[in-house]
Amino acid sequence: MERKRDDLTRHGRLDARELHAWQSFMQMQEVLRGRIEQQLQEHSGLSSADYTVLTVLSGTAAGRLRAYELAALIGWEKSRLHHQLTRMCTRGLVARCSGGGRAVNVEITAHGRAVLEQAAPSHSAHVRRMVIDPLTDDQIDQLAAISTAILANLTAPTGQGDAAQ
């Protein structure tokens, strides 16, 4: 059902209900991010960023992507990815290799794959306990729908979520 908004609300101010939703979302996100980071670090020595990169790379047929494709898939800027990959290469989790021309490929190493495979069951169980188990089936579907709608807005070329607004 489409909500009607007055001019004041459409032009930036959040009403009490919207503000409560926003603040609850932000608080949940901060607590969840911290607990995920802590669990990953304690059980596998990985950061959330490490886990994200390894998961995306392991999901490809060759375990390899061009750096710009990896950055696009995880929504990171080139600089952030570069620094993250440098740390991961030092630890033997990924390797950079020439992709022809000026292209750089990033590949998950055997060590990176082994660390990910060791971390995944514990991480999945932790996510289940923190996020999935407290929700009903309908709420899980709603969470997916809400997340998809927000992501679509943020990634649309002319979406309201872009920085030009």
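A short tour of the structure in this document, coming up. (Residues numbered from 1 in each chain as written. Predicted model: local features only at pLDDT ≥ 70, side-chain atom pairs only at ≥ 80, totals over all residues. Heavy atoms only, no water.)

## Section: the nonpolar core
To be explicit about the condition: Buried Ala, Val, Leu, Ile, Met, Phe, Trp, Tyr and Cys residues form a nonpolar core when they are joined through side-chain atoms within 4.5 Å. A simple rule labels every residue: compare its accessible area, found with a 1.4 Å probe on the protein chains alone, to the largest value its type can have, and call it buried under 20%, exposed over 50%, or partly exposed in between. Strands here are runs of E lasting at least two residues and helices are runs of H or I lasting at least four, both read from the DSSP assignment and numbered beginning at the N terminus. Every residue pair with non-hydrogen atoms within 4.5 Å of one another is taken to be in contact.
Core analysis: the largest hydrophobic core is formed by 24 residues, its most contacted members being Val53, Leu54, Leu57, Leu70, Leu81 and Val94. The set of elements that each furnish at least two residues to this core consists of helix H2 (16-44), helix H3 (48-58), helix H4 (67-74), helix H5 (78-90), strand E3 (104-108) and helix H6 (110-132). Considering each element in turn, this core owes the most residues, five residues, to H3. Non-local contacts of Leu57, meaning those with residues more than four positions away in its chain, are made with Gly63, Arg64, Leu65, Leu70, Val94, Val106, Glu107 and Ile108.

## Looking at the pattern of salt bridges
The test is simple: Each salt bridge in this description consists of a side-chain nitrogen of Lys or Arg and a carboxyl oxygen of Asp or Glu lying within 4 Å of one another.
Per the stated rule, a full pass over the model turns up three salt bridges. Where Glu107 meets Arg64, a salt bridge forms, and the shortest distance between an N and an O atom there is 3.7 Å. Linking Glu107 in strand E3 with Arg64 in strand E1 (residues 64-66), this pair joins segments that are 43 residues apart in sequence. On the basis of relative accessible area, Glu107 is assigned to the partly exposed category, the value being 26%.

## Points about the packing of aromatic side chains
So the rule is basically this: What counts as a ring pair is set by centres within 6.5 Å for rings of Phe, Tyr and Trp (its six-membered ring), and what kind of pair is set by the plane angle: stacked under 30 degrees, edge-to-face over 60, tilted for all other angles.
Going through the model one piece at a time under the given rule, you end up with one aromatic pair. Plain terms: the ring middles of Trp22 and Phe25 are 5.8 Å apart, the flat faces sit at 35° to each other, and that makes the pair tilted. With Trp22 and Phe25 both in helix H2, this residue pair falls three residues apart, about one helical turn. On the accessibility criterion, Phe25 (36% relative accessible area) is partly exposed.

## Remarks on the side chain of His126
With respect to the helices and strands, His126 occurs in helix H6. Here His126 falls in the buried class, since its relative accessible area comes to 14%. In this structure, His126 is in contact with Arg35 and Gln39, ignoring residues within four places of it in sequence.

Honestly, that's just the spatial picture; any functional story needs more than this.
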